[in-house]
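Reading the structure
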Amino acid sequence: MLDVSYDYLPFLAFGAFVLAVLLWMEWQGRIRPLFIPLAEISRLADELIEKDADRAEELAAIEEDRAWRYSQNFERGKWRRVRKELERRGIGK
């Protein structure tokens, strides 16, 4: 078995905590938004196009930035998907 001195236990605990935080951030910001139905992403993209077709991608980027500023990783991931959908449609270029 792995023989680890108890002197290293605080470092291992801190490393495990940091790893858990990083994994949580990846879950909230990248993986969990993938479970949002494409219909919801399309609906948000359609709303932005209705609001202002010329600036739709910019508005999505603004919402993504706002979520980043307020540390809302899930919202940031959602708006990233909306922005990518608008980019795929060729809106805002």
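Computed from a prediction, not measured in an experiment: that's the story for all the values here. (Residues numbered from 1 in each chain as written. Predicted model: local features only at pLDDT ≥ 70, side-chain atom pairs only at ≥ 80, totals over all residues. Heavy atoms only, no water.)

Moving on, we come to helix α4 (residues 73-89). Between its first and last C-alpha, α4 extends 24 Å over 17 residues, near the 24 Å set by a 1.5 Å rise per residue. Buried residues of α4: G77, K78, W79, R80, V82, R83, E85 and L86, and no others. Considering only its buried residues, α4 is in contact with α1 (9-31), α2 (38-51) and α3 (56-69). Downstream of α4 by one or two residues, G90 has phi in the positive range, about 85°. (Helix = DSSP H or I, 4+ residues; strand = E, 2+ residues; numbered from the N terminus. Expected span 1.5 Å × (residues − 1). Buried < 20%, exposed > 50% of the residue type's maximum accessible area, 1.4 Å probe, protein only. Contact = heavy atoms within 4.5 Å.)

In this structure, I36, I41, L44, A45, L48, A56, L59, A60, W79, V82 and L86 together form the largest nonpolar core, which totals 11 residues. Listed by contribution, the elements that provide at least two residues to this core are α2, α3 and α4. Looking at this core element by element, the count peaks at four residues for α2. Those residues in contact with L86, other than ones at most four positions away along the chain, are A45, L48, I49, A56, E57, A60 and I91. (Core = buried A, V, L, I, M, F, W, Y, C linked by side-chain atoms within 4.5 Å.)

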